[in-house]
Amino acid sequence: MADEATRIVAGTVGDAVLDVHKLRVLDERTGKRRAVCGAGKPTDETDEWARAVNCPACLAVPTE
């Protein structure tokens, strides 16, 4: 149930700046985020973007 309460933002993972994912915010204080589709490694940097999500795997995961 805790996962359903987390905030979802759009953003990129690592160096793949053309692939925009749904990022689940794991820690608001540190800005730690992970793609809902599992893209990238846990240590990859994520950046929040004001762009539309275009990752087919992320779009297939219901988050609302």
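See the structure printed just above.
It should be emphasised that the depicted structure is a prediction, and the values quoted were computed from it without experimental measurement. (Residues numbered from 1 in each chain as written. Predicted model: local features only at pLDDT ≥ 70, side-chain atom pairs only at ≥ 80, totals over all residues. Heavy atoms only, no water.)

## A short note on the nonpolar core
- Counting residues in hydrophobic clusters, the biggest one holds 5 residues: Val9, Val13, Leu23, Val25 and Ala35.
- Those elements giving two or more residues to this core turn out to be strand E1 (8–13) and strand E2 (16–27).
- Apart from the residues lying within four places of it in its own chain, the contact partners of Leu23 are Arg7, Ile8, Val9, Ala10, Gly11, Thr12, Val13, Arg33, Arg34, Ala35, Thr46 and Asp47. (Core = buried A, V, L, I, M, F, W, Y, C linked by side-chain atoms within 4.5 Å. Buried < 20%, exposed > 50% of the residue type's maximum accessible area, 1.4 Å probe, protein only. Helix = DSSP H or I, 4+ residues; strand = E, 2+ residues; numbered from the N terminus. Contact = heavy atoms within 4.5 Å.)

## Things to note about the sheet that holds E1
- Spatial ordering of the open sheet is given by E3-E2-E1-E4, a layout of 4 strands whose pairing is antiparallel. A single partner strand is all that each edge strand has here, and the edge strands are strand E3 (32–35) and strand E4 (46–48). The mean angle between the axes of side-by-side strands here comes to 50°, regardless of whether they run parallel or antiparallel. (Pairing = 2+ DSSP bridges. Axes fitted to C-alpha atoms, helices over the stretch in contact; angles between N-to-C directions.)

## Re the side chain of Thr46
- As for its position among the elements, Thr46 is in strand E4.
- Leaving out residues up to four positions away in the same chain, Thr46 has contacts with Thr12, Val13, Leu23, Gly31 and Arg33.

## Regarding the pattern of salt bridges
- If you walk through the whole model with that rule in mind, you get 3 salt bridges.
- Residue Arg7 pairs with Glu28 through a salt bridge whose shortest N-O separation is 3.0 Å. Here Arg7 is found in the loop between helix H1 (2–5) and E1, whereas its partner Glu28 is found in the loop between E2 and E3, with 21 residues between them in sequence.
- The class for Arg7 is partly exposed, based on a relative accessible area of 41%.
- Note on Glu28: relative accessible area 53%, which makes it exposed. (Salt bridge = Lys/Arg side-chain N within 4 Å of Asp/Glu carboxyl O.)

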